[in-house]
Amino acid sequence: MDRGRVIEFLAQIPLLQRLPSLSLRKIAQSVRVKRYENGEYVVREGKTGELIYFILEGQAEISGPADAEKGNYPTVSLKKFDTFGHENYGCINRANVIALSKLTCLLLSDHYSNLLQPKSIWNADEASEGFSLVERTLCLEPLEVDIFRGFTLPGSPSFRQVFGGQFIGQALAAASKTVDCLKLVHSLHALFILAGHNNVPIIYHVHRIHDGKNFATRQVDAQQNGRVIFILLASFQKVVEEFEHQEVCMPHVPDPETLPNLEELRERRLSDFNIPIREYRNKINSKKFIPWPIEIRSCDAINFSEQSEPRLKYWFKARGKLTADPALHRCVVAYASDLIFGGISLNPHRRRGLKTASLSLDHSIWFHRPVRADDWLLFVMESSSASGGRGLCNGQMFNKSGQLIMSITQEGLIRKAKVAVQNEVPKSKL
């Protein structure tokens, strides 16, 4: 049987939903096909369980041991995508499994049962505690079929509420775990509805809109306290090689190794005598400084207190170690795509003393080519328009070879920050 078809089939089995793609590929290489006739015993009570069964076609029935008091035999029906044997390998079977029609199963030896117990949804062998902050943020907890739970970890960008890129990355991670690993996201469209609370878990509910031979579509609803606060629509495509061209060229910029990162720029500003240092120190010391999980090295000056052009270029990559799963790397760059991006639409309107506020409203990404999130990527962005309290931003990401990796568009809310009224009586939060 074609291994591609096996992987596609295995990805539809709820038990295997949380597995890393490498584990799924290993299982696809290790299973064998066996066919049974109508009425034939697949598993016999009293025998030692040594196999895990995945029903590929047909129906079967589990017939349990007799109930001594009621004198009947409890039964359970099985159909395509159902699994049995995984709870009994190495133990004595306590029930019979009988084919109710012509039955085709994929059989996995219990020698490979460890593949069903991964350390995380991205890595089978190593616990997520040893990985980078961004990967740990994207290591969702599977709760039920198509339902995952995510958290805002200490040290994550928060901006007083859940970082928009965290919503995008986690929702895409949830969607990615419900499609086979032969398909990767090629486009996504996100809608931010309500602000998220950093200290409340986020529940991601995946809706399987479409599953085809080459494409799959998923909708993900993110909920807190029973309310939908974020929606993601993502389309996945089986990787193919077809026509290719690229008209846009990467701009000439310094190599990332020659540029300081944001932390080094911060230290330089602390020692710059042209800056009112006491005011600056008081401002930056008012909150704890924690480096972002994404390292950024800007090609342009970043100044959020003075007027500037509505455009910016910076190199970025994930800090630390990332598991080599292409779906994870797309989730990481999706996470990073919301950093600083929407704020450039405020650049022409900034001035010293003016307090501004911005919030992401919607966000779209098109993935053009393979990407490594732990290699340097150049993010080129500009804001083409601002009106009606909204700013539109367009971006492109290139790898160091000059290939266009992604195109991004975002519209955000931009406005003057509301000034608190002095002596205003605080409103109850209850």
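As a starting point, this report considers the structure included with it.

1. Observations regarding the pattern of salt bridges
Here the structure, examined in full by the defined rule, presents 14 salt bridges. Across the pair Lys 183 and Asp 180 runs a salt bridge, and its minimum N-O distance is 2.7 Å. When the shortest N-O distance is used, the salt bridge between Arg 297 and Glu 295 registers 2.9 Å. The same class applies to Arg 297 and to Glu 295, which are both buried.

2. A closer look at empty space enclosed by the protein
In the structure shown here, the tally under the stated rule is one cavity of 30 Å³ or more. Volume-wise, the largest cavity comes out at about 180 Å³. Forming the walls of the largest cavity are 20 residues, and the residues nearest its centre are Ser 176, Lys 177, Val 179, Asp 180 and Cys 181. Of all the secondary-structure elements, those providing two or more residues to the lining of the largest cavity are helix H2 (21-30), strand S11 (183-192) and helix H7 (326-336). Residues belonging to the lining of the largest cavity are distributed by class as follows: twelve nonpolar, three polar and five charged.

3. Here we look at the packing of aromatic side chains
For any two aromatic rings, the description comes down to two numbers: the centre-to-centre distance and the angle of the planes. Here the structure, examined in full by the defined rule, presents nine aromatic pairs. Measuring from centroid to centroid gives 5.2 Å for Phe 163 and Tyr 335, while their planes differ by 80 degrees, and the two rings are edge-to-face. Placement of Phe 163 in the loop between strand S10 (147-150) and helix H4 (164-176) and of Tyr 335 in helix H7 is noted, with a sequence separation of 172 residues between them. Exposure class is identical for Phe 163 and Tyr 335. Each is buried. Taken together, the ring pairs connect Tyr 314, Phe 316, Phe 341 and Phe 379 into an aromatic cluster. Its end group placed over the ring of Tyr 41, Arg 44 keeps NZ or CZ at 4.0 Å from the ring centre. Directly above the aromatic system of Trp 122 lies the positively charged group of Lys 177, at a separation of 4.9 Å from the ring centroid.

The rules behind these values
Each chain has its residues counted from 1, running along the sequence as written. Local features in this predicted model are restricted to residues whose pLDDT is 70 or higher, and side-chain atom pairs enter the listing and the counts only when it is 80 or higher, whereas totals over whole chains, interfaces and linings include all residues. Note that the side-chain values use all heavy atoms of the structure and ignore hydrogens as well as water. Salt bridges are identified by distance alone: a Lys or Arg side-chain nitrogen within 4 Å of an Asp or Glu carboxyl oxygen. Partly exposed residues are those whose accessible area sits between 20% and 50% of the maximum for their type, while under 20% is buried and over 50% is exposed, using a 1.4 Å probe and protein chains only. The pocket and cavity definitions rest on a 1 Å grid over protein atoms only: a 1.4 Å probe that fits but cannot leave marks a cavity, an open set with protein on both sides within 12 Å along at least five of seven lines marks a pocket, and residues lining either have an atom within 4 Å of a point. Grid points are joined across faces, edges and corners, and a volume is the space filled by probe spheres set on the points. By definition, any uninterrupted DSSP run of H or I lasting at least four residues is a helix, any uninterrupted run of E lasting at least two residues is a strand, and each is numbered from the N terminus. Charged residues are taken to be Asp, Glu, Lys and Arg, nonpolar residues to be Ala, Val, Leu, Ile, Met, Phe, Trp, Tyr, Cys and Pro, and polar residues to be all remaining types, Gly included. Pairing of aromatic side chains here covers Phe, Tyr and the six-membered ring of Trp, requires ring centres within 6.5 Å, and sorts the geometry by plane angle: under 30 degrees stacked, over 60 edge-to-face, intermediate tilted. Counting as a charge over the ring demands two things of the Lys NZ or Arg CZ atom: a distance within 6 Å of the ring centre and an angle within 35 degrees of the ring normal.

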